[in-house]
Amino acid sequence: MSSQAPLRKAGRSPKAGIKLIQKTGGNLVLASGATIIMLFGMVFVLSLASVFILNGPDPVTGLAIALPITLIFNIAAFFLSPYLMDLTQNWLYNTRWVSLAEIDSLSPETAKVIQKVCKQKKLKQPRLGIIDDQNPTAFTYGSFPNSARLVVSQGLFTYLDDDEIATVYAHELGHIVHWDFAVMTLASTLVQITYLIYTTAQSLGRSAGDKARSAAGSVAAVAYFFYIAGTYLLLYLSRTREYFADHFAAETTGNPNALSRALVKIAYGILEEGERATEPSRLLEGTRALGIYDAKAAVSSGTAYRISSKPEKIGRVFLWDMFNPWGWWMELNSTHPLTGKRVRALSTYAEQLGLDIEFDMGRIVGEGHNLSKRKLYGNFFFDLLLYSAETLGLAVGFAIGISLSAGNPMMMMVACALIGFGVGILIKALVMFPNYAQAEELDVLTLMSDPYASPLRGQPAKLQGELIGRGDAGYAFGSDLKLQDRTGMMYLHYASRFGPIGNFLFGMKRVKSLIGMDVSALGWFRRGVAPWMDLIQLESDSGTTVSSYHRFWSFVMGIGAIAIGIAVLFL
């Protein structure tokens, strides 16, 4: 593990169990109940519709068949899923089941927390597992609180202090007390059933008669809509349960600051282990939705922790999470709240306990309120327009074609629509990939501390560092790279002029030889849940040069559409 200056710790309450007011995350019971009811209703409606297709227009028979099928399928999945998970855990990760005494030897406070919660909540001690992997993570699963499994990785004990480990276990125990894993198991099953009905209806539609094909197509369309809607409901429920588990940990331990530190140090551990490995972690990828932390979001927090023992510097990377509208937008597709929002919620619990706040979040929030709202939201709405530039160009061109149409209205509309489409592509490309001639030499932390950063508008920048591995999750021939500089790690996204085939060949033939080189990377920085840079050029000290062509196909398509449109005008 690389050296890291000790982080100044904010204090903890001398008394645990004090009730804390929770203002973040909404109502867990309402969120869980509403989500399950809506998902069950979707599955029931789709099951009923599917049965109608197979059994004709008999609503009584359809109702009698669809309801038991739905209930039996979900009940079976609910009871069997923990055992299937056990098999998966042993097969993929070689999970080692341990006693409380072993946990006590690794983290004494954790053992006390487990005993305390089980006694207070009248719970049977969960089955405790450890995975021999240095990527720090923790998760629970099961059907009932008294048969739950609580699994952590060895990395948790490597990167976290005793009190921080205890808050992570308390967080996971909160999931057990709240029945979160059971609710998520059921909700996930319901979402998967909607997808199963979608694929079944699609398959039936291909082999059925005209009437049944039409009905099957309707069911498939509705099923897919329900699947998308159900997925977002599931993500919302997942984020809500994380807030409540954090709240439970803060109350149980009286130490919300330790959980704030734990989240940042978990990110740091994930970053450190990622730099040692040339391939992404199978454990983190496979347990992303279950784990205490979304590994995709680890780069910014982990980078800040690596180079700074000053909490306020670490806190600055949370500005984007808390105040940039893109943070809210990106969070919609995430299983976890953004780290900055979780740390901010934990800081309110520290305030209630009369404690100093970790990472000086009060000052950071004050700095966030002084950010230009006009710039933040103006950029966001401009980005949304930019995202649909081709469609807008097509629509505007079509409208202009209608207004100018004379002798041959169809040709005029087609020509103008093509020209508008091409102009839209070019405008989007020029804004997303601006002129890089005056790109500044920056570092990873500086880029990630920019609260105005966007996933669409690229910021030209130069980075100096070492290529430490591939960036593609689990892909042996991936063309993306990871660059490490003195402040952190950045994903570099490569694009060949020859499209996916060129990317594959680059990943297969060249990437391995580049790993380990010290390079200068020129590219466009973007910030999402995970930051990255669209690569323009790599140059090594040995004279190796790699060029990347993100704008190439945009220019080809844009200019091509305009040229075809002009040609159509003269037909």
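Here the residue numbering is sequential within each chain, running from 1 through the sequence in written order. pLDDT decides what is reported in this predicted model: residues at 70 or higher carry local features, side-chain atom pairs at 80 or more are listed and counted, and totals for whole chains, interfaces and linings draw on all residues regardless. Side-chain numbers here rest on the full set of heavy atoms in the structure, without hydrogens or water.

**Q** I'm lost on the overall build of the protein chain in this one. Help?
**A** What counts as a helix is a DSSP run of H or I of at least four residues, what counts as a strand is a run of E of at least two, and both are numbered from the N terminus. Of the regular secondary structure elements, the protein chain holds 23 helices and eleven strands. When accessible area is computed with a 1.4 Å probe and restricted to protein chains, residues below 20% of their type maximum are described as buried, those above 50% as exposed, and intermediate ones as partly exposed. In the protein chain, buried positions account for 52% of the 571 residues. The method behind every accessible area is Shrake-Rupley, applied with a 1.4 Å probe, and residues are considered shielded solely by the protein chains displayed. When the accessible area of the protein chain is evaluated, it comes to approximately 25,300 Å², of which 63% is carbon and sulfur surface.

**Q** Explanation requested: unusual backbone geometry in the structure shown.
**A** In most cases, non-glycine residues show a negative phi, while peptide bonds are predominantly trans. Despite not being glycine, Lys 122 shows a phi value in the positive range, around 55°. Structurally, Lys 122 is set in the loop between α4 (108-120) and β2 (127-131). At Trp 179, a residue that is not glycine, the phi angle is positive and equals roughly 65°. With respect to the secondary-structure elements, Trp 179 resides in the loop between α6 (162-177) and α7 (180-207). Overall, the relative accessible area of 38% leaves Trp 179 in the partly exposed class.

**Q** Would you mind going over the pairing of strand β8 (residues 489-493) with me for this structure?
**A** Taken residue by residue, a regular strand's side chains alternate between the two faces of the sheet. DSSP bridges decide pairing: two strands pair if at least two such bridges lie between them. In this structure, strand β7 (residues 481-484) lies alongside β8, joined through four bridges in antiparallel fashion. Looking at the pairing, Lys 482 lines up with Tyr 491 of β8. Taking the residues between adjacent antiparallel strands as the criterion, β7 and β8 are bridged by four residues. Relative to strand β10 (residues 532-540), β8 runs parallel, the two being bridged by three bridges. Counted as the bridge partner of Leu 492 is Met 533 from β10.

**Q** Explanation requested: the packing of aromatic side chains in the structure shown.
**A** Aromatic rings considered in pairs are described by the distance between their centres and by the relative angle of their planes. Here is the rule: rings of Phe, Tyr and Trp (six-membered ring for Trp) pair when centre to centre is within 6.5 Å. Planes less than 30 degrees apart are stacked, more than 60 are edge-to-face, and the remainder are tilted. Taken as a whole, this structure holds 13 aromatic pairs when the rule is applied. With a centroid separation of 6.4 Å and an interplanar angle of 25°, the aromatic rings of Phe 139 and Tyr 141 are classed as stacked. Judged by relative accessible area, Phe 139 falls into the buried class, the value being 0%. When the centroid spacing of 6.1 Å and the interplanar angle of 65° are considered together, the rings of Trp 328 and Trp 329 count as edge-to-face. Judged by its relative accessible area of 35%, Trp 329 falls in the partly exposed class.

**Q** Looking at this model, I keep getting lost on a nonpolar patch on the surface. Mind explaining?
**A** For patch building, the residue pool is restricted to those with more than 30% relative accessible area and no salt bridge; the joining distance is 9 Å between like charges and 5 Å between nonpolar side chains (Val, Leu, Ile, Met, Phe, Trp, Tyr). Think of a salt bridge as a Lys or Arg side-chain nitrogen and an Asp or Glu carboxyl oxygen that are within 4 Å of each other. Together, Phe 477, Ile 501, Phe 504, Leu 505 and Met 508 make up a nonpolar patch on the protein surface, roughly 440 Å² of accessible area in all. Residue placement: Phe 477 occurs in the loop between β6 (459-470) and β7. What makes Phe 477 partly exposed here is its relative accessible area of 35%.

**Q** I would appreciate a short explanation of the sheet that holds strand β4 (residues 149-153) in the present structure.
**A** Within a beta sheet, neighbouring strands are joined by backbone hydrogen bonds and run either parallel or antiparallel to one another. Reading across from one edge, β1-β2-β4-β3 is the order of the four strands in this open sheet, with mixed pairing throughout. Each edge of the open sheet is held by one strand with a lone partner, namely β1 (96-98) and β3 (138-141). Strand after strand, the sheet turns through a mean of 30° between neighbouring axes, direction not considered. Across five bridges, the pairing between β2 and β4 is parallel. When the sheet's bridge partners are listed, Ile 130 is paired in β4 with Val 152. Contact between two residues is taken to exist if any of their heavy atoms lie within 4.5 Å; hydrogens are not considered. Angular values range over 0 to 180 degrees, each being the angle between N-to-C directions of two axes fitted as lines to C-alpha atoms, with helices fitted over their stretch in contact. Seen against the sheet, α6 touches β2, β3 and β4 and runs at an angle of roughly 20° to β3.

**Q** Is there a simple way to think about the environment of Ile 114 in this case?
**A** As for its position among the elements, Ile 114 is in helix α4. Linking Ile 114 and Ile 103, residues eleven residues apart in sequence, is a C-alpha distance of 9.8 Å.

**Q** What am I meant to see in the pairing of β6 here?
**A** Across two bridges, strand β5 (residues 440-441) lies against β6 in parallel orientation. Its bridge partner lying in β6, Glu 441 is registered against Lys 462. By the bridge criterion, eight bridges tie β6 to strand β9 (residues 518-526) in an arrangement that is antiparallel. Bridge pairing in β9 links Ala 461 to Gly 523. When β6 meets β7, the two strands line up antiparallel, connected through four bridges. Within β7, the position partnered with Gly 469 by the bridge is Lys 482.

**Q** Help me understand helix α21 (residues 499-509), please; the structure alone is not making it clear to me.
**A** Helical geometry note: an α-helix holds 3.6 residues per turn, so side chains three or four residues apart project in the same direction. Listed in full, the buried residues belonging to α21 are Gly 499, Gly 502, Phe 506 and Gly 507. In a view along the axis of α21, the buried residues occupy a sector of 135°, so they form one face of it. Facing away from the buried side of α21, by more than 90 degrees, are the exposed residues Pro 500, Ile 501 and Lys 509. Against β6, α22 (511-514), β11 (545-547) and α23 (552-569) lie the buried residues of α21. Directions from the helix axis toward the C-beta atoms define the arc.

**Q** Help me understand the packing of helix α15 (residues 339-352) against helix α16 (residues 361-369) in this model?
**A** When two helices pack together, their arrangement is given by the angle between the helix axes and the distance between those axes. Between α15 and α16, the shortest axis-to-axis distance is 10 Å and the interhelical angle comes to 125°. In terms of their interaxial angle, α15 and α16 are classed as oblique. Helix-helix and strand crossings are classified by hand; for α15 and α16 the assignment is left-handed. Across from Gly 340, Val 343, Arg 344 and Ser 347 in α15, the residues of α16 making contact are Met 361, Val 365 and His 369. In this classification, the charged set is Asp, Glu, Lys and Arg, the nonpolar set is Ala, Val, Leu, Ile, Met, Phe, Trp, Tyr, Cys and Pro, and all remaining amino acids, among them Gly, are polar. Among the residues making up the contact of α15 with α16, the classes are represented as three nonpolar, three polar and one charged. These descriptions rest on fixed angle ranges, namely under 35 degrees for roughly parallel, over 145 for roughly antiparallel, 65 to 115 for roughly perpendicular, and the rest for oblique. Take the far helix as your reference; a near helix turned counterclockwise from it by less than a right angle gives a left-handed crossing, and one turned clockwise gives a right-handed crossing.

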